[in-house]
Amino acid sequence: MKGYIKINKDFCKECHLCISACPKGCIIPTKEYNSHGYHPVATDEGKECTGCTLCAIMCPEIAIEVYRD
Amino acid sequence: MAKKLFSRPKSLKEAGFHYCPGCGHSITHRLVAEVIDELGIRGITIGVPPAGCAVLAYNYFDVDMLEAQHGRGPATATGIKRALPDRIVFSYQGDGDLAAIGIAESFHAANRGENITVIFINNAVYGMTGGQMAPTTMLDQKTTTTPAGRNKTLDGYPVKVCETFSQLKGPTYLERVTVNSPASVNKAKKAIKKAFQCQMDGLGFSLVEILSPCPTNWKMTSVAACKWIDEVMSKEFPLGVFKDNMAAVKKPAEAAS
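Here is what the cut-offs are and how they apply
Residues numbered from 1 in each chain as written. Chains lettered and ligands numbered in written order. Predicted model: local features only at pLDDT ≥ 70, side-chain atom pairs only at ≥ 80, totals over all residues. Heavy atoms only, no water. 1 Å grid on protein atoms, 1.4 Å probe; cavity = no way out; pocket = protein on both sides within 12 Å on 5 of 7 lines; lining within 4 Å. Points joined across faces, edges and corners; volume = space filled by probe spheres on them. Nonpolar A, V, L, I, M, F, W, Y, C, P; charged D, E, K, R; others polar. Pairing = 2+ DSSP bridges. Helix = DSSP H or I, 4+ residues; strand = E, 2+ residues; numbered from the N terminus. Contact = heavy atoms within 4.5 Å. Axes fitted to C-alpha atoms, helices over the stretch in contact; angles between N-to-C directions. Polar contact = N/O pair within 3.5 Å; in protein donor to acceptor, adjacent residues only side chain to side chain. Phe/Tyr/Trp six-rings, centres within 6.5 Å; stacked < 30°, edge-to-face > 60°. Buried < 20%, exposed > 50% of the residue type's maximum accessible area, 1.4 Å probe, protein only.

Asker: In this structure, what is going on with empty space enclosed by the protein? I would like to understand it.
Answerer: The rolling of a water-molecule-sized probe over the atoms marks out the regions of remaining empty space. As enumerated under the stated definition, the model contains one cavity of 30 Å³ or more in all. Approximately 90 Å³ is the volume found for the largest cavity. Among the residues making up the lining of the largest cavity, the classes are represented as nine nonpolar, one polar and three charged.

Asker: Could you clarify how one ought to interpret the sheet that holds strand S4 (residues 88-94) of chain B in this entry?
Answerer: Pairing between the strands of a sheet comes from backbone hydrogen bonds, and it takes one of two forms, parallel or antiparallel. All names here are of chain B. Spatial strand order, S3-S2-S4-S5-S9-S8-S10: seven strands in an open sheet with mixed pairing. Taken across any chain shown, the strands that pair with only one partner, and hence form the sheet edges, are strand S3 (64-65) and strand S10 (240-244). Note: strand S2 (residues 45-48) against S3, two bridges, orientation parallel. Each residue of the ladder has a partner; that of Gly47, found in S3, is Met65. Contacts from helix H2 (residues 73-83) reach S2 and S4, with the element oriented near 175° to S4.

Asker: Teacher, can you tell me more about the side chain of Asn122 of chain B here?
Answerer: Residue and element names in this part refer to chain B. Inspection of the secondary structure assignment puts Asn122 in strand S5 (residues 117-122). Engagement of the side chain of Asn122 in a polar contact is seen with the backbone nitrogen of Ala124, the distance being 3.2 Å. Residues contacting Asn122, with those up to four places away along its chain left out, are Asp95, Thr136, Glu209, Ile210, Leu211, Ser212, Met233 and Phe237.

Asker: Looking at this model, I keep getting lost on the packing of aromatic side chains. Mind explaining?
Answerer: The geometry of an aromatic ring pair is captured by two quantities: the separation of the ring centres and the angle between the planes. All names here are of chain B. Using the criterion set out here, one finds eight aromatic pairs over all chains in the structure. On the basis of an interplanar angle of 75° and a centroid distance of 6.0 Å, the ring pair of Phe107 and Phe165 is categorised as edge-to-face. Residue Phe107 is found in helix H4 (residues 103-112), and its partner Phe165 is found in helix H6 (residues 161-166); the two are separated by 58 residues along the sequence. Of the residues examined, Phe107 reaches a relative accessible area of 26% and is grouped as partly exposed. Ring-pair connections join several aromatic residues into one group, and the members of that group are Phe17, Tyr19 and Tyr60.

Written out as C-alpha coordinates, the structure is:
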(Lines give C-alpha, C1' and ligand atoms only; values in the text may rest on other atoms or scores of the structure.)
Protein backbone atom coordinates (compact mmCIF):
# COMPACT_ATOMS: atom_id res chain seq x y z
CA MET A 1 0.00 0.00 0.00
CA LYS A 2 1.54 3.28 -1.14
CA GLY A 3 -0.78 5.68 0.59
CA TYR A 4 -3.91 5.86 2.64
CA ILE A 5 -6.46 8.44 3.73
CA LYS A 6 -8.25 9.02 7.00
CA ILE A 7 -11.81 10.31 6.70
CA ASN A 8 -13.34 12.28 9.56
CA LYS A 9 -16.85 10.91 9.23
CA ASP A 10 -18.46 13.60 11.37
CA PHE A 11 -17.15 16.38 9.07
CA CYS A 12 -18.24 14.69 5.82
CA LYS A 13 -21.31 16.28 4.21
CA GLU A 14 -21.80 13.79 1.39
CA CYS A 15 -21.01 16.21 -1.45
CA HIS A 16 -19.07 13.45 -3.27
CA LEU A 17 -16.51 15.86 -4.77
CA CYS A 18 -13.80 13.50 -3.50
CA ILE A 19 -15.35 10.58 -5.35
CA SER A 20 -15.25 12.48 -8.65
CA ALA A 21 -11.70 13.70 -7.93
CA CYS A 22 -10.15 10.29 -7.12
CA PRO A 23 -8.48 8.90 -10.28
CA LYS A 24 -8.40 5.36 -8.86
CA GLY A 25 -11.97 5.17 -7.57
CA CYS A 26 -10.81 4.47 -4.01
CA ILE A 27 -13.62 6.38 -2.31
CA ILE A 28 -17.17 5.02 -2.20
CA PRO A 29 -20.50 6.25 -0.81
CA THR A 30 -21.96 4.46 2.20
CA LYS A 31 -25.39 4.11 3.75
CA GLU A 32 -24.40 4.70 7.38
CA TYR A 33 -25.26 7.97 9.13
CA ASN A 34 -23.03 10.46 10.93
CA SER A 35 -24.11 12.75 13.78
CA HIS A 36 -25.37 15.41 11.33
CA GLY A 37 -27.54 12.97 9.37
CA TYR A 38 -25.33 12.75 6.28
CA HIS A 39 -24.07 9.55 4.68
CA PRO A 40 -20.28 9.89 4.95
CA VAL A 41 -17.99 8.44 2.29
CA ALA A 42 -15.58 5.60 3.01
CA THR A 43 -12.46 4.10 1.43
CA ASP A 44 -12.67 1.01 -0.76
CA GLU A 45 -10.05 -1.29 0.76
CA GLY A 46 -9.78 -3.29 -2.46
CA LYS A 47 -8.40 -0.36 -4.50
CA GLU A 48 -4.88 0.97 -4.21
CA CYS A 49 -4.52 4.55 -2.97
CA THR A 50 -1.43 6.34 -4.29
CA GLY A 51 -1.59 9.25 -1.86
CA CYS A 52 -2.03 11.83 -4.63
CA THR A 53 -4.06 14.18 -2.29
CA LEU A 54 -6.55 15.13 -5.04
CA CYS A 55 -9.51 14.09 -2.84
CA ALA A 56 -8.24 16.20 0.06
CA ILE A 57 -7.64 19.19 -2.22
CA MET A 58 -11.27 19.07 -3.34
CA CYS A 59 -12.85 18.22 0.04
CA PRO A 60 -14.61 21.41 1.20
CA GLU A 61 -14.88 20.21 4.79
CA ILE A 62 -11.20 19.23 5.26
CA ALA A 63 -12.47 15.84 6.38
CA ILE A 64 -9.66 13.95 4.62
CA GLU A 65 -6.08 13.53 5.80
CA VAL A 66 -3.62 11.90 3.43
CA TYR A 67 -0.63 9.75 4.41
CA ARG A 68 2.02 8.00 2.36
CA ASP A 69 4.44 5.29 3.51
CA MET B 1 6.45 5.68 9.50
CA ALA B 2 3.77 7.16 7.30
CA LYS B 3 4.31 10.71 6.16
CA LYS B 4 1.43 13.12 6.50
CA LEU B 5 0.85 14.74 3.10
CA PHE B 6 -2.30 16.71 3.75
CA SER B 7 -4.04 17.96 6.85
CA ARG B 8 -5.93 20.96 8.21
CA PRO B 9 -3.93 24.22 8.00
CA LYS B 10 -2.95 25.74 11.35
CA SER B 11 -4.77 29.00 10.64
CA LEU B 12 -8.13 27.20 10.57
CA LYS B 13 -9.78 26.23 13.83
CA GLU B 14 -10.83 22.62 14.41
CA ALA B 15 -14.49 23.37 13.68
CA GLY B 16 -16.97 22.01 11.15
CA PHE B 17 -18.08 24.57 8.56
CA HIS B 18 -21.72 25.69 8.53
CA TYR B 19 -21.70 25.86 4.71
CA CYS B 20 -23.84 23.61 2.52
CA PRO B 21 -22.32 20.42 1.08
CA GLY B 22 -20.05 21.17 -1.88
CA CYS B 23 -19.79 24.92 -1.19
CA GLY B 24 -16.84 26.84 -2.62
CA HIS B 25 -16.57 29.00 0.51
CA SER B 26 -15.15 26.10 2.51
CA ILE B 27 -12.50 25.40 -0.13
CA THR B 28 -11.56 29.08 -0.31
CA HIS B 29 -11.35 29.33 3.50
CA ARG B 30 -8.86 26.50 3.46
CA LEU B 31 -6.82 28.09 0.65
CA VAL B 32 -6.61 31.44 2.47
CA ALA B 33 -5.58 29.65 5.68
CA GLU B 34 -2.93 27.63 3.81
CA VAL B 35 -1.53 30.81 2.25
CA ILE B 36 -1.42 32.54 5.65
CA ASP B 37 0.46 29.52 7.03
CA GLU B 38 2.91 29.38 4.13
CA LEU B 39 3.71 33.09 4.25
CA GLY B 40 4.10 32.91 8.05
CA ILE B 41 1.83 35.89 8.66
CA ARG B 42 -0.63 34.28 11.07
CA GLY B 43 0.30 36.61 13.93
CA ILE B 44 -0.06 39.84 11.95
CA THR B 45 -3.08 39.11 9.76
CA ILE B 46 -6.43 40.82 10.32
CA GLY B 47 -9.43 39.54 8.38
CA VAL B 48 -12.68 41.34 7.61
CA PRO B 49 -15.64 38.97 7.12
CA PRO B 50 -18.68 40.18 5.16
CA ALA B 51 -22.43 39.92 5.58
CA GLY B 52 -23.53 36.92 3.55
CA CYS B 53 -22.87 33.21 3.71
CA ALA B 54 -19.36 33.83 5.06
CA VAL B 55 -20.61 36.05 7.91
CA LEU B 56 -19.38 33.49 10.45
CA ALA B 57 -15.89 33.28 8.93
CA TYR B 58 -14.48 34.51 12.26
CA ASN B 59 -15.50 31.16 13.76
CA TYR B 60 -13.09 29.38 11.44
CA PHE B 61 -10.00 31.53 10.85
CA ASP B 62 -7.53 31.46 13.70
CA VAL B 63 -6.44 35.08 13.06
CA ASP B 64 -7.85 38.39 14.26
CA MET B 65 -11.16 39.13 12.57
CA LEU B 66 -13.28 42.28 12.63
CA GLU B 67 -16.81 42.06 11.24
CA ALA B 68 -17.72 44.78 8.72
CA GLN B 69 -21.13 46.27 8.02
CA HIS B 70 -22.85 44.87 4.96
CA GLY B 71 -20.71 45.71 1.94
CA ARG B 72 -18.28 47.92 3.82
CA GLY B 73 -15.45 45.39 4.02
CA PRO B 74 -12.93 47.36 1.91
CA ALA B 75 -13.72 50.56 3.86
CA THR B 76 -13.18 48.78 7.20
CA ALA B 77 -10.04 47.15 5.85
CA THR B 78 -8.79 50.55 4.66
CA GLY B 79 -9.18 51.93 8.18
CA ILE B 80 -7.39 48.99 9.76
CA LYS B 81 -4.56 49.12 7.23
CA ARG B 82 -4.05 52.89 7.59
CA ALA B 83 -4.04 52.66 11.40
CA LEU B 84 -1.80 49.57 11.47
CA PRO B 85 0.28 49.63 8.27
CA ASP B 86 2.45 46.71 9.40
CA ARG B 87 -0.51 44.30 9.52
CA ILE B 88 -1.75 42.20 6.61
CA VAL B 89 -5.42 43.01 6.07
CA PHE B 90 -7.78 41.01 3.90
CA SER B 91 -11.47 41.45 3.22
CA TYR B 92 -13.49 38.36 2.39
CA GLN B 93 -16.65 39.13 0.45
CA GLY B 94 -19.42 37.55 -1.60
CA ASP B 95 -21.04 38.92 -4.72
CA GLY B 96 -24.06 40.38 -2.94
CA ASP B 97 -21.73 42.10 -0.52
CA LEU B 98 -19.08 43.39 -2.93
CA ALA B 99 -20.97 43.86 -6.20
CA ALA B 100 -24.39 45.02 -4.92
CA ILE B 101 -24.59 46.95 -1.65
CA GLY B 102 -20.84 47.47 -1.35
CA ILE B 103 -19.88 48.32 -4.94
CA ALA B 104 -19.14 51.96 -3.99
CA GLU B 105 -16.76 51.04 -1.17
CA SER B 106 -15.06 48.33 -3.23
CA PHE B 107 -14.76 50.50 -6.31
CA HIS B 108 -13.26 53.45 -4.47
CA ALA B 109 -10.94 51.32 -2.34
CA ALA B 110 -9.68 49.84 -5.63
CA ASN B 111 -9.47 53.29 -7.21
CA ARG B 112 -7.41 54.62 -4.29
CA GLY B 113 -5.13 51.62 -4.63
CA GLU B 114 -5.40 50.82 -0.94
CA ASN B 115 -2.80 48.28 0.11
CA ILE B 116 -5.33 45.58 1.04
CA THR B 117 -6.34 42.18 -0.35
CA VAL B 118 -9.92 41.35 -1.29
CA ILE B 119 -11.09 37.76 -1.70
CA PHE B 120 -14.27 37.95 -3.78
CA ILE B 121 -16.55 34.89 -3.99
CA ASN B 122 -18.76 34.99 -7.08
CA ASN B 123 -21.51 32.35 -7.09
CA ALA B 124 -24.04 34.27 -9.24
CA VAL B 125 -26.80 34.24 -6.59
CA TYR B 126 -27.54 35.56 -3.11
CA GLY B 127 -26.68 32.41 -1.19
CA MET B 128 -27.58 33.18 2.41
CA THR B 129 -31.04 34.63 1.78
CA GLY B 130 -32.25 31.80 -0.42
CA GLY B 131 -30.96 32.13 -3.96
CA GLN B 132 -32.33 35.48 -5.16
CA MET B 133 -30.92 37.29 -8.20
CA ALA B 134 -27.55 38.94 -7.57
CA PRO B 135 -25.81 41.56 -9.76
CA THR B 136 -23.62 38.73 -11.06
CA THR B 137 -26.55 36.49 -12.05
CA MET B 138 -26.22 35.58 -15.73
CA LEU B 139 -28.81 36.36 -18.38
CA ASP B 140 -31.56 33.70 -18.50
CA GLN B 141 -30.35 32.17 -15.24
CA LYS B 142 -33.29 31.06 -13.07
CA THR B 143 -33.30 32.23 -9.46
CA THR B 144 -36.07 32.58 -6.88
CA THR B 145 -36.69 36.21 -7.91
CA THR B 146 -36.26 35.58 -11.64
CA PRO B 147 -38.24 32.35 -12.14
CA ALA B 148 -38.30 32.87 -15.92
CA GLY B 149 -34.58 33.70 -16.07
CA ARG B 150 -32.79 37.05 -15.76
CA ASN B 151 -34.27 39.49 -18.25
CA LYS B 152 -31.90 42.14 -19.61
CA THR B 153 -34.70 44.72 -20.02
CA LEU B 154 -35.92 44.38 -16.44
CA ASP B 155 -32.73 43.52 -14.58
CA GLY B 156 -29.80 44.62 -16.71
CA TYR B 157 -26.66 42.67 -17.40
CA PRO B 158 -24.35 40.72 -15.05
CA VAL B 159 -21.74 42.92 -13.35
CA LYS B 160 -18.19 41.92 -14.21
CA VAL B 161 -16.09 43.09 -11.31
CA CYS B 162 -12.62 42.16 -12.56
CA GLU B 163 -13.22 43.72 -15.99
CA THR B 164 -14.61 46.90 -14.43
CA PHE B 165 -11.82 47.29 -11.89
CA SER B 166 -9.14 46.59 -14.49
CA GLN B 167 -10.07 49.90 -16.17
CA LEU B 168 -9.01 51.80 -13.03
CA LYS B 169 -5.46 52.96 -12.44
CA GLY B 170 -5.54 52.11 -8.71
CA PRO B 171 -5.53 48.30 -8.50
CA THR B 172 -2.28 46.37 -8.82
CA TYR B 173 -3.37 42.76 -9.13
CA LEU B 174 -6.71 41.38 -10.35
CA GLU B 175 -7.32 37.75 -11.20
CA ARG B 176 -10.36 35.53 -11.70
CA VAL B 177 -10.04 31.86 -10.76
CA THR B 178 -12.38 29.02 -9.87
CA VAL B 179 -12.42 26.11 -7.42
CA ASN B 180 -14.27 23.42 -9.36
CA SER B 181 -11.45 20.89 -9.89
CA PRO B 182 -8.18 19.94 -8.15
CA ALA B 183 -6.13 21.77 -10.82
CA SER B 184 -8.17 24.96 -10.55
CA VAL B 185 -8.02 24.82 -6.74
CA ASN B 186 -4.22 24.77 -6.98
CA LYS B 187 -4.36 27.70 -9.42
CA ALA B 188 -6.67 29.60 -7.07
CA LYS B 189 -4.23 29.07 -4.23
CA LYS B 190 -1.38 30.50 -6.31
CA ALA B 191 -3.51 33.55 -7.14
CA ILE B 192 -4.41 34.12 -3.47
CA LYS B 193 -0.77 33.76 -2.49
CA LYS B 194 0.26 36.29 -5.12
CA ALA B 195 -2.41 38.71 -3.88
CA PHE B 196 -1.14 38.46 -0.30
CA GLN B 197 2.45 38.78 -1.50
CA CYS B 198 1.42 41.94 -3.39
CA GLN B 199 0.19 43.43 -0.12
CA MET B 200 3.23 42.29 1.86
CA ASP B 201 5.49 44.02 -0.66
CA GLY B 202 3.41 47.18 -0.30
CA LEU B 203 2.42 47.24 -3.98
CA GLY B 204 -1.26 48.15 -3.58
CA PHE B 205 -4.77 46.82 -4.08
CA SER B 206 -5.17 43.16 -4.99
CA LEU B 207 -8.41 41.30 -5.68
CA VAL B 208 -8.96 37.62 -6.43
CA GLU B 209 -12.40 36.74 -7.79
CA ILE B 210 -13.33 33.11 -7.24
CA LEU B 211 -16.13 31.47 -9.23
CA SER B 212 -17.60 29.28 -6.55
CA PRO B 213 -20.16 26.47 -6.81
CA CYS B 214 -23.46 26.96 -4.95
CA PRO B 215 -25.19 23.57 -5.40
CA THR B 216 -28.06 24.40 -3.03
CA ASN B 217 -29.25 27.53 -4.82
CA TRP B 218 -28.38 26.34 -8.31
CA LYS B 219 -30.52 23.25 -7.49
CA MET B 220 -27.85 20.79 -8.64
CA THR B 221 -25.60 18.16 -7.14
CA SER B 222 -22.14 19.32 -6.10
CA VAL B 223 -20.48 17.51 -8.98
CA ALA B 224 -22.98 18.98 -11.51
CA ALA B 225 -22.37 22.45 -10.06
CA CYS B 226 -18.64 22.09 -10.69
CA LYS B 227 -19.37 21.05 -14.26
CA TRP B 228 -21.78 23.97 -14.71
CA ILE B 229 -19.00 26.42 -13.81
CA ASP B 230 -16.88 24.95 -16.61
CA GLU B 231 -19.67 24.80 -19.17
CA VAL B 232 -21.69 27.96 -18.51
CA MET B 233 -20.31 30.29 -15.89
CA SER B 234 -16.70 30.55 -17.06
CA LYS B 235 -17.97 31.45 -20.55
CA GLU B 236 -19.68 34.53 -19.12
CA PHE B 237 -16.91 35.23 -16.60
CA PRO B 238 -13.67 34.28 -18.38
CA LEU B 239 -10.85 33.15 -16.10
CA GLY B 240 -7.44 34.76 -16.06
CA VAL B 241 -5.32 37.66 -14.91
CA PHE B 242 -7.00 40.99 -15.64
CA LYS B 243 -4.32 43.26 -14.29
CA ASP B 244 -0.85 42.59 -12.95
CA ASN B 245 1.12 45.74 -12.31
CA MET B 246 3.29 44.16 -9.63
CA ALA B 247 6.54 44.33 -11.59
CA ALA B 248 5.90 47.90 -12.79
CA VAL B 249 5.05 49.17 -9.29
CA LYS B 250 7.99 47.35 -7.73
CA LYS B 251 10.68 48.92 -9.93
CA PRO B 252 10.21 52.61 -9.02
CA ALA B 253 9.91 51.61 -5.36
CA GLU B 254 13.26 49.81 -5.54
CA ALA B 255 14.89 52.70 -7.39
CA ALA B 256 13.70 55.15 -4.73
CA SER B 257 15.07 53.12 -1.83
